[in-house]
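# Descriptive structure summary
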Amino acid sequence: MHKPKLTVLGAGPGDPELITLKGVKTLATAIVVLYDALVNRELLKYAPNATHIFVGKRKGFHKYSQDEINALIVEKAHAYGHVVRLKGGDPFIFGRGAEEIEYAKQHGLETAIVSGITSAIAVPAHLGVPLTKRGVSESFWVITGTTSERKLSLDVALAAQSTATVVILMGMGKLEEIVTLFKIEGKHKTPVGIIQNGTTDNEKSVFGTVNSIVKKVKDNNIVAPAIIVIGEVVNDATQQINSLKRINKNSFPLREVV
């Protein structure tokens, strides 16, 4: 007899090769996989014997509500056994993984967690942006741009006062509010990088400053899903890309530095 179990699994930032080995092994044991919108579909090949169910949520489109996803986890686990909840990035970084684990435990499921590589770190790194760097940045913030009340997190104002690198997820709809907070702190010339669809074949990026980034985003049609990185470390990416462009104009066809 099967034992009802939920594993919450991080799929990584988008590149299918950035899932962990433990993640691949976990998918191989799945009977049902519930996967999100930001999960690379290539990863589903690691669960060839499982039923794959899309439960993704994007702005303006929810296939299932969170309550419905929770109920589906419990229903499928009791009916079939091992359910893998496959989430983009790391499920415990703005992924609601903890909520799903709590709900599963309350309904008698065995639970497990397999961490993923968070996009907050991997996406900037993919473009050569170190979130910390000796003599430049001693720490970093990772903040949601949109809270459960659909408002900008109050932590952004606090982060703007610091010397730390600031990484904002789910913040594209609040970009003008974000840069205003940095301008209040006199950081008009602070470098900003915004990376859309990071680590994937469809990656696009744009670089500027607090003063210029809103216009550059509009001019270059950068949209969600995208990560906002604010801080002096962003200069590492622009210097690297500009250097490579001088060597080969076609080195970065999808990354526009303006």
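Look above for the structure.
The structure presented is a predicted model; accordingly, all values stated were derived computationally and were not measured. (Residues numbered from 1 in each chain as written. Predicted model: local features only at pLDDT ≥ 70, side-chain atom pairs only at ≥ 80, totals over all residues. Heavy atoms only, no water.)

## A closer look at the pattern of salt bridges
Basically, it comes down to this: Salt bridges are defined as contacts in which a side-chain nitrogen from Lys or Arg sits within 4 Å of a carboxyl oxygen from Asp or Glu. Each helix is a run of DSSP H or I of at least 4 residues and each strand a run of E of at least 2, with the numbering of both proceeding from the N terminus. Each residue is assigned to one of three classes by its accessible area relative to the maximum for its type, calculated with a 1.4 Å probe on protein chains only: buried under 20%, partly exposed between the two thresholds, exposed over 50%.
All chains considered together, the criterion is met by ten salt bridges. Here K3 makes a salt bridge to E110, at a shortest N to O gap of 3.6 Å. With K3 in the segment before β1 (5-10) and E110 in strand β7 (residues 110-114), this pair connects stretches of sequence that are 107 residues apart. K76 is the partner of E75 in a salt bridge, and the nearest nitrogen-oxygen pair spans 4.0 Å. You can call E75 partly exposed: its relative accessible area is 47%. The network of salt bridges with shared partners includes D36, R85, K87 and E100.

## Quick notes on the sheet that holds strand β11 (residues 204-209)
What counts here: The pairing criterion for strands is at least two bridges between them, as found by DSSP. For helices, the fitted axis covers only the stretch in contact; all axes are lines through C-alpha atoms, and the angles between them, taken along N-to-C directions, range from 0 to 180 degrees.
Spatially, β8-β9-β12-β10-β11 is the arrangement adopted by the five strands of the open sheet, whose pairing is mixed. Only two strands of the sheet have a single neighbouring strand rather than two, namely β8 (140-144) and β11. Ignoring which end each strand starts from, the neighbouring axes of this sheet average 15° apart. When strand β10 (residues 191-196) meets strand β12 (residues 226-230), the two strands line up antiparallel, connected through five bridges. Bridge pairing links I194 to I228 in β12.

## A few points about the sheet that holds β7
Taking strand neighbours across the sheet as the criterion, the five strands line up as β3-β2-β6-β1-β7 in an open arrangement whose pairing is parallel. Pairing within the sheet leaves two strands with one partner each, and these edge strands are β3 (51-54) and β7. Each neighbouring strand pair of the sheet contributes to a mean axis angle of 20°, computed without reference to strand direction. Strand direction decides the pairing type here: β1 and β7, joined by five bridges, are parallel. The partner of L9 across the bridge, within β7, is V114.

## A short note on the layout of surface pockets
Worth spelling out the cut-off: Only protein atoms enter the calculation, which uses a 1 Å grid: trapped sets of points that fit a 1.4 Å probe without letting it out are cavities, open sets showing protein on both sides within 12 Å along at least five of seven lines are pockets, and any residue with an atom within 4 Å of a point is a lining residue. Grid points are joined across faces, edges and corners, and a volume is the space filled by probe spheres set on the points. Throughout, the ten residues Ala, Val, Leu, Ile, Met, Phe, Trp, Tyr, Cys and Pro are labelled nonpolar, Asp, Glu, Lys and Arg are labelled charged, and all others, Gly among them, are labelled polar.
Looking at the second largest pocket, its volume works out to about 160 Å³. T163, A164, T190, G231 and E232 are the residues nearest the centre of the second largest pocket, which is lined by 15 residues in total. Class assignment for the residues of the lining of the second largest pocket results in seven nonpolar, six polar and two charged.

## Describing helix α3 (residues 97-106)
The criterion, for reference: Picture the helix axis, draw a direction to every C-beta atom, and the arc is the one those directions span. Note on contacts: a residue pair is in contact if any heavy atoms of the two residues lie within 4.5 Å.
Those residues of α3 lying buried are G97, E100, I101 and A104. Taken around the axis of α3, the buried residues stretch over an arc of 100°, which confines them to a single face. At its buried positions, α3 is contacted by β1, α2 (66-80), β6 (82-87) and β7. Looking one or two residues beyond α3, the residue adopting positive phi is G108, at roughly 85°.

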